[in-house]
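Each chain is listed here by its residues.
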Amino acid sequence: MPRHPKKPRRLVADGRAYLWTLRHSHCVMDSGRSADCRETLTLYPQPAGTGGPLRIVFVEGPGRYVPGGFPMGSGDVGYVRGGSLNLHEPGAVRALLDAASARGWQPGERRAVEVDGWPLLEAAAASRAGDAGPAGP
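The notes below deal with the structure included here. (Residues numbered from 1 in each chain as written. Predicted model: local features only at pLDDT ≥ 70, side-chain atom pairs only at ≥ 80, totals over all residues. Heavy atoms only, no water.)

## A few points about the overall build of the protein
So, step 1. A count of helical and extended segments in the protein gives two helices and eight strands.
So, step 2. Counted from the first residue to the last, the protein has its helices and strands arranged as β-β-β-β-β-β-β-α-β-α.
So, step 3. Buried residues in the protein amount to 36% of all 137 residues.
So, step 4. Considering only residue pairs separated by 6 or more positions, the protein has 52% of its internal contacts joining residues 24 or more positions apart.
So, step 5. As displayed, the protein has an accessible area near 8,100 Å², and 54% of this comes from carbon and sulfur atoms. (Helix = DSSP H or I, 4+ residues; strand = E, 2+ residues; numbered from the N terminus. Buried < 20%, exposed > 50% of the residue type's maximum accessible area, 1.4 Å probe, protein only. Contact = heavy atoms within 4.5 Å. Areas by Shrake-Rupley, 256 points an atom, 1.4 Å probe, with all protein chains shown as cover.)

## Quick look at the pattern of salt bridges
So, step 1. Counted by the stated rule, this structure contains four salt bridges.
So, step 2. Among the salt bridges present, the one from Arg94 reaches Asp14, with a minimum N-O distance of 3.3 Å. A residue pair is termed long-range when its members are at least 10 positions apart, and Arg94 in helix 1 (residues 90-102) and Asp14 in the loop between strand 1 (9-13) and strand 2 (16-28) qualify at 80 residues.
So, step 3. Residue Arg94 is classed as partly exposed on the basis of its relative accessible area, which comes to 25%.
So, step 4. With a shortest N-O distance of 2.9 Å, Arg94 and Asp98 are connected by a salt bridge. One end of the pair, Arg94, and the other, Asp98, are both in helix 1, four residues apart, so they sit about a helical turn from each other.
So, step 5. Through salt bridges with shared partners, a single network forms among Asp14, Arg94 and Asp98. (Salt bridge = Lys/Arg side-chain N within 4 Å of Asp/Glu carboxyl O.)

## With respect to unusual backbone geometry
So, step 1. Note that the residue after Gln46, namely Pro47, is joined by a cis bond; omega there is -5 degrees.
So, step 2. Along the chain, the position of Pro47 falls in the loop between strand 3 (34-45) and strand 4 (54-59).
So, step 3. Located in the positive-phi region is Asp14, a residue other than glycine, with phi close to 55 degrees.

## Description of the side chain of Thr40
So, step 1. Mapped onto the elements, Thr40 comes out in strand 3.
So, step 2. Excluding residues that lie within four positions of it along the chain, Thr40 makes contacts with Thr21, Leu22, Arg23, Arg55, Ile56 and Val57.

## What to know about the sheet that holds strand 5 (residues 64-65)
So, step 1. One open sheet accounts for three strands, arranged 5-6-7; its pairing is antiparallel. Every other strand in the sheet has two partners, leaving strand 5 and strand 7 (84-86) as the edge strands with one partner each.
So, step 2. Examined bridge by bridge, strand 5 and strand 6 (residues 76-79) share two bridges and lie antiparallel to one another. Its bridge partner lying in strand 6, Arg64 is registered against Tyr79. (Pairing = 2+ DSSP bridges.)

## Description of the environment of Asp14
So, step 1. On the accessibility criterion, Asp14 (69% relative accessible area) is exposed.
So, step 2. For the pair formed by Asp14 and Asp98, sequence separation is 84 residues and the distance between their alpha carbons is 9.7 Å.
So, step 3. Ignoring any residue separated from it by four or fewer positions in sequence, one finds Asp14 in contact with Arg94 and Asp98.
So, step 4. Looking at Asp14, its side chain comes within polar contact range of the side chain of Arg94, at 3.3 Å. (Polar contact = N/O pair within 3.5 Å; in protein donor to acceptor, adjacent residues only side chain to side chain.)

Pasting the structure below:
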């Protein structure tokens, strides 16, 4: 049975557990076209009450893509000429968590923190590429 897409997923990093969700949102113009697409990845330190959520937000803009599905995959974000991630992949979520931590986010912080995901993307994508290792023999 497939996982319910809105049910939080679990991630353990550096001995700490998190629940995480991914949401796509946008405005619908009078013409019916979508505008201001964004992906919001939210990590909730566990157990509940031990820290505020971290929201990593990717907003579409020049040279960036944040599609809501076809022809690109749901959860894909990236630069037109640069790094990209699929935010449905736990490894991508872990890489973004590591990049946010490297920039000073503390999981024990009691308030919700929202950060722009674009400054984190290149470091996270490079980390993911390094995890993949060399391709084939």
